[in-house]
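Analysis of the macromolecular model
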Amino acid sequence: MLRTLPAISKPNIGRQCNITGTDVPEAMIFRGDLLISSLSGSPRSISSIYYYDDNGSALYERLCKEESYYLFRDERSILARNAKSISGITGPVSLVELGSGNAEKTLLLITSYSEIFGSVNYAAIDINSSILKRAAENILSMKSDVNFTGIIGTYNTGLEKAATLVGPKLLLSLGSSVGNMYDDELCDLLGSVRSFLGRGDYFLVGIDLDKESDVLEAAYNNQSAILANLCVLQHLNWRFDGNFDLFQFRHVAFHNKSLFRMEGHLEAMQAQSIDLKKLKFSFHLKKGEMIRTEIMRKVNLHRFHEMFIKYGLSPVHNWTDSNKRYAISLLQRG
Ligand SMILES: C[S@@+](CC[C@H](N)C(=O)[O-])C[C@H]1O[C@@H](n2cnc3c(N)ncnc32)[C@H](O)[C@@H]1O
């Protein structure tokens, strides 16, 4: 059953807008058992989904405005220059986006599709319901010819809900979000994408490219990145009644060249005991011990595409920014 949320604000009146919840309870998205096992692992880690409560989504938007965080600007410039070519290749399609966030960059694509083909169907999937409302407001205040559907859920549950869409589709993943996934998570997603797309449908993926350590490390060591990382602990505190003291942790982000990724960690500045009451789980951290909170892949495009090809998704075209720092790939389901 879809749970319908309260209607969003007035500017959207007269336009098609629908935001639906998911029948997957939050406890299935933010799974305590998985958190316990990742915090008990070696190294200890926390899934990057804990970045995205309301606070974390606001901090991500702030990060996108940081001078050193070139990813947002590069991806936006690629879309601004190439939205028409992308819509020309795919022809008229319904747009479905994984992890839409506020959909600011997606608006460039939506505008191109609506100018060329008339009205556009756009379905945005995100675990954060507030950001979906923002996406709806952003888009519907600018465009009158969009049918907006917001689906609150994970990538996988969202794709199941969006499977009722008929006709040709373009699935989007922007913001280098696939770069936050470990190999097993990415394979799991690509399996769902393959089932979701019909033959001939398209998948447009934004991904950051491998480059010099100093550029990468600057992008993830600014004030917004530091705050966003620490706020993961705040999220765990409210969700699981925890006692993480944010002042007892230090943000650490470094380029792991051999694994082609940046890594975000939180380092315990003192020995301390952590208790997550709702999970009946406690553990001890030594001084200097690190908890990994995020990976951000920095890829070689051709090697990266090999995973997609295994799932029947063939590269059709790649676009990069003028400095060749970031790429957007269009893949097609065979
Ligand atoms: C890196 S941000 C990218 C946002 C937007 N696509 C952009 O390019 O600016 C990732 C977005 O995906 C959402 N998200 C993260 N993990 C998710 C998951 N497992 N399922 C659904 N949404 C997720 C977050 O709430 C956030 O809005």
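No experiment lies behind these values; they were computed from the predicted model shown. (Residues numbered from 1 in each chain as written. Predicted model: local features only at pLDDT ≥ 70, side-chain atom pairs only at ≥ 80, totals over all residues. Heavy atoms only, no water.)

**Re the overall build of the protein chain**
- Counting secondary structure elements, the protein chain contains 11 helices and 14 strands.
- Taking 2.2 N^0.38 as the reference for a compact globule, 334 residues should give roughly 20 Å; the C-alpha atoms of the protein chain span a radius of gyration of 20 Å, in line with that estimate.
- Overall size of the protein chain, expressed as C-alpha extent along the three principal axes, is 60 × 45 × 35 Å.
- In the protein chain, the share of contacts with a sequence separation of at least 24, taken over all contacts with a separation of at least 6, comes to 74%.
- Positive and negative charge centroids in the protein chain, built from 37 and 36 side chains respectively, lie 2 Å apart. (Helix = DSSP H or I, 4+ residues; strand = E, 2+ residues; numbered from the N terminus. Rg over C-alpha atoms; globule rule 2.2 N^0.38 Å. Contact = heavy atoms within 4.5 Å. Lys, Arg positive; Asp, Glu negative; His and termini not counted. Charge placed at Lys NZ, Arg CZ, Asp CG, Glu CD.)

**Thoughts on the packing of helix H3 (residues 54–64) against helix H10 (residues 223–240)**
- Two elements in contact, H3 and H10, have axes separated by 9 Å at closest approach and are oriented at 170°. As the angle between them shows, H3 and H10 are arranged roughly antiparallel. Contacts between H3 and H10 involve Asn55, Leu59, Arg62 and Leu63 from the former and Gln223, Ser224, Ala225, Leu227, Ala228, Cys231 and Gln234 from the latter.
- Residue classes in the contact of H3 with H10 are distributed as 6 nonpolar, 4 polar and 1 charged. (Axes fitted to C-alpha atoms, helices over the stretch in contact; angles between N-to-C directions. Parallel < 35°, antiparallel > 145°, perpendicular 65-115°, else oblique. Nonpolar A, V, L, I, M, F, W, Y, C, P; charged D, E, K, R; others polar.)

**Some thoughts on the sheet that holds strand S1 (residues 17–20)**
- A sheet is described by the order of its strands in space; here 8 strands give the open sequence S1-S5-S4-S3-S6-S7-S14-S13, paired in mixed fashion. One side of each edge strand has no neighbouring strand; the edge strands of this open sheet are S1 and strand S13 (313–320). Put simply, the sheet's adjacent strands are angled 20° from each other on average, direction ignored.
- Contacts from helix H5 (residues 106–117) reach strand S3 (94–98), strand S4 (120–126), strand S5 (146–152), strand S6 (169–173) and strand S7 (202–208), with the element oriented near 160° to S4. (Pairing = 2+ DSSP bridges.)

**So, the site of the ligand**
- Lining the immediate environment of the ligand, one finds 17 residues, of which Gly99, Lys105, Asp126, Tyr155 and Gly175 sit closest.
- The contact in question runs from an oxygen atom of the ligand to an N or O atom on the side chain of Lys105, over 2.7 Å.
- Within the contact set of the ligand, a nitrogen atom lies 3.3 Å away from a backbone nitrogen or oxygen of Ile127.
- Look at the ligand: alone it shows 580 Å² of surface, and the protein chains cover 92% of it.
- Each residue belonging to the shell around the ligand can be placed in one class, and the counts come to 6 nonpolar, 7 polar and 4 charged. (Near = heavy atom within 4 Å. Polar contact = N/O pair within 3.5 Å; in protein donor to acceptor, adjacent residues only side chain to side chain. Areas by Shrake-Rupley, 256 points an atom, 1.4 Å probe, with all protein chains shown as cover.)

**Focus: the nonpolar core**
- Residues Tyr122, Phe148, Leu170 and Leu204 are the most contacted members of the largest nonpolar core, which totals 45 residues.
- The greatest single-element share of this core, amounting to 7 residues, is contributed by helix H4 (residues 70–90).
- No fewer than three residues from each of domain 1 (15–23 + 55–209 + 299–333) and domain 2 (212–297) sit in this core.
- Setting aside chain neighbours within four positions, we find Leu204 in contact with Leu79, Ile86, Leu109, Leu170, Leu171, Leu172, Ser173, Trp319, Ile328, Ser329 and Leu330.
- Judged by nonpolar contacts, the second largest core, of 28 residues, contains Leu159, Val193, Phe304 and Ala327. (Core = buried A, V, L, I, M, F, W, Y, C linked by side-chain atoms within 4.5 Å. Buried < 20%, exposed > 50% of the residue type's maximum accessible area, 1.4 Å probe, protein only. Domains from an automatic or database assignment.)

**Some remarks on the domain arrangement of the protein chain**
- We note that the domain assignment places domain 1 (15–23 + 55–209 + 299–333) and domain 2 (212–297) within the protein chain.
- Each side of the interface is counted separately: domain 1 has 22 residues, and domain 2 has 20 residues.
- Linking domain 1 with domain 2 are 1 salt bridge.
- Of the charged contacts in the structure, one is a salt bridge between Asp183 and Arg297, with a shortest N-O distance of 2.6 Å.
- Across the contact surface, domain 1 and domain 2 share 11 residue pairs in polar contact (both at pLDDT 80 or more).
- Elements that contribute at least two residues to the side of domain 1 that touches domain 2 include exactly H3, H4, helix H8 (183–196), S7 and helix H11 (301–310).
- At 4 residues, H3 tops the list of elements feeding residues into the side of domain 1 that touches domain 2. (Salt bridge = Lys/Arg side-chain N within 4 Å of Asp/Glu carboxyl O.)

**Looking at the packing of aromatic side chains**
- Applying the stated rule across the entire model yields 12 aromatic pairs.
- For the ring pair Tyr51 and Tyr52, a centre distance of 6.3 Å and an interplane angle of 45° mean the geometry is tilted.
- By relative accessible area, Tyr51 is classed as buried at 10%.
- Relative to Tyr60, the ring of Tyr52 has its centre 6.4 Å away and its plane inclined at 70°; by these criteria the two rings are edge-to-face.
- Here Tyr52 falls in the partly exposed class, since its relative accessible area comes to 25%.
- The partly exposed category is assigned to Tyr60, whose relative accessible area is 26%.
- Taken together, the aromatic side chains of Phe244, Phe249, Phe281 and Phe283 make up a single cluster linked through ring pairs.
- In this structure, Lys169 is placed above the aromatic ring of Phe196, and the distance from its NZ or CZ to the ring centre is 5.4 Å.
- Above the plane of the ring of Phe30 lies Arg239, whose end atom (NZ or CZ) is 3.8 Å from the centre. (Phe/Tyr/Trp six-rings, centres within 6.5 Å; stacked < 30°, edge-to-face > 60°. Lys NZ or Arg CZ within 6 Å of the ring centre and 35° of its normal.)

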